[in-house]
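The primary structure of each chain is shown beneath.
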Amino acid sequence: MNSIAPRLPVLLRPATPADIDERAKRAIESVEDGNSDALLSFAEHLAEEGELGNVANISLDMTVGQLVEKQITTRDGMAELKAWARGLAEEQIELADGYAAA
C-alpha cells in the first residue's frame, strides 16, 4: 500500500487588498525578526535605492543585517521597509495572476 498521502488541490480566489496587506505585514515581520532571506532581500532593495547605510553612527565592522536593523529604527527607514513590503506583496499577487489561497 502506498503510504504517501494524495496532494489536495489548492483552492484559489481573487486576491483582495487585505491579502496584499497581510503579505506585506509578514514581510515586515520577517525583516524585524531577523530572517536572513528577508534581511538580504530588503538590503538588496536598499542598495539599489542608494539607501543602505544611510544612517548615523555606522562602523566598518557592521554586518548587512546590522545595517538594516539600524536603518529600520529611523522613520525614513521604516517608511522604506513598508513601501518595499507592499511592493513585494503586490508583485507576489501579480505573479499568482491576481489570486490568493482560499
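The sections below set out a description of the structure shown in this document. (Residues numbered from 1 in each chain as written. Predicted model: local features only at pLDDT ≥ 70, side-chain atom pairs only at ≥ 80, totals over all residues. Heavy atoms only, no water.)

### Details of the nonpolar core
Okay, so step 1: Val-31, Phe-42, Val-68, Ile-72, Leu-81, Trp-84 and Ala-85 are the most contacted members of the largest nonpolar core, which has 17 residues in total.
Okay, so step 2: Those elements that place two or more of their residues in this core are helix H1 (17-32), helix H2 (36-49) and helix H4 (75-95).
Okay, so step 3: Leaving out residues up to four positions away in the same chain, Val-31 has contacts with Ala-38, Leu-39, Phe-42, Val-68, Ile-72, Leu-81 and Trp-84. (Core = buried A, V, L, I, M, F, W, Y, C linked by side-chain atoms within 4.5 Å. Buried < 20%, exposed > 50% of the residue type's maximum accessible area, 1.4 Å probe, protein only. Helix = DSSP H or I, 4+ residues; strand = E, 2+ residues; numbered from the N terminus. Contact = heavy atoms within 4.5 Å.)

### Observations regarding the packing of H2 against helix H3 (residues 64-71)
Okay, so step 1: At a minimum axis separation of 10 Å, H2 and H3 run at an interaxial angle of 70°. It follows that H2 is roughly perpendicular to H3 by the angle criterion. Side by side, H2 and H3 meet where Leu-39, Phe-42, Ala-43 and Leu-46 of the first sit next to Val-64, Gly-65, Val-68 and Gln-71 of the second. (Axes fitted to C-alpha atoms, helices over the stretch in contact; angles between N-to-C directions. Parallel < 35°, antiparallel > 145°, perpendicular 65-115°, else oblique.)

### Some points on the packing of aromatic side chains
Each aromatic ring pair is summarised here by two numbers: the centre-to-centre distance and the angle between the ring planes.
Okay, so step 1: Scanning the model with the defined rule gives 1 aromatic pair in all.
Okay, so step 2: When the centroid spacing of 5.2 Å and the interplanar angle of 55° are considered together, the rings of Phe-42 and Trp-84 count as tilted. Taken together, the residues Phe-42 in helix H2 and Trp-84 in helix H4 connect sequence positions 42 residues apart.
Okay, so step 3: For Trp-84, a relative accessible area of 10% gives the class buried. (Phe/Tyr/Trp six-rings, centres within 6.5 Å; stacked < 30°, edge-to-face > 60°.)

### Examining a negative patch on the surface
Okay, so step 1: A cluster of acidic side chains, namely Glu-22, Glu-29, Glu-32 and Asp-33, defines a negative patch on the protein surface.
Okay, so step 2: The exposure class of Glu-22 is partly exposed, given its relative accessible area of 36%. (Patch = residues over 30% accessible without salt bridge, like charges linked within 9 Å, V, L, I, M, F, W, Y side chains within 5 Å. Areas by Shrake-Rupley, 256 points an atom, 1.4 Å probe, with all protein chains shown as cover. Salt bridge = Lys/Arg side-chain N within 4 Å of Asp/Glu carboxyl O. Lys, Arg positive; Asp, Glu negative; His and termini not counted. Charge placed at Lys NZ, Arg CZ, Asp CG, Glu CD.)

### Remarks on the environment of Arg-23
Okay, so step 1: Tracing the backbone through its elements, the reader meets Arg-23 in helix H1.
Okay, so step 2: By relative accessible area, which is 22% here, Arg-23 ends up partly exposed.
Okay, so step 3: What Arg-23 contacts, discounting residues up to four positions off in sequence, is Ala-89, Gln-92 and Ile-93.

### Looking at H2
Okay, so step 1: Taking 1.5 Å as the rise per residue, H2 with 14 residues should run 20 Å; its terminal C-alpha atoms sit 20 Å apart, in good agreement.
Okay, so step 2: Those residues of H2 that sit buried are Ala-38, Leu-39, Phe-42, Ala-43, His-45 and Leu-46. Along H2, the residues classed as buried sweep out an arc of 160° about the axis, all on the same side. H2 presents Ser-36, Asp-37 and Glu-48 as exposed residues on the side facing more than 90 degrees away from its buried surface.
Okay, so step 3: Those residues of H2 hidden inside the fold are in contact with H1, H3 and H4. (Expected span 1.5 Å × (residues − 1). Arc of directions from axis to C-beta.)

### Examining the side chain of Asp-19
Okay, so step 1: Within the secondary structure, Asp-19 sits in helix H1.
Okay, so step 2: A polar contact is formed between the side chain of Asp-19 and the side chain of Arg-13, at a distance of 2.7 Å.
Okay, so step 3: Here Thr-16 takes part through its backbone nitrogen, which lies 2.7 Å from a polar atom of the side chain of Asp-19.
Okay, so step 4: Sequence-distant contacts of Asp-19, defined by excluding residues within four places in its chain, comprise Arg-13, Pro-14, Ile-93 and Ala-100. (Polar contact = N/O pair within 3.5 Å; in protein donor to acceptor, adjacent residues only side chain to side chain.)

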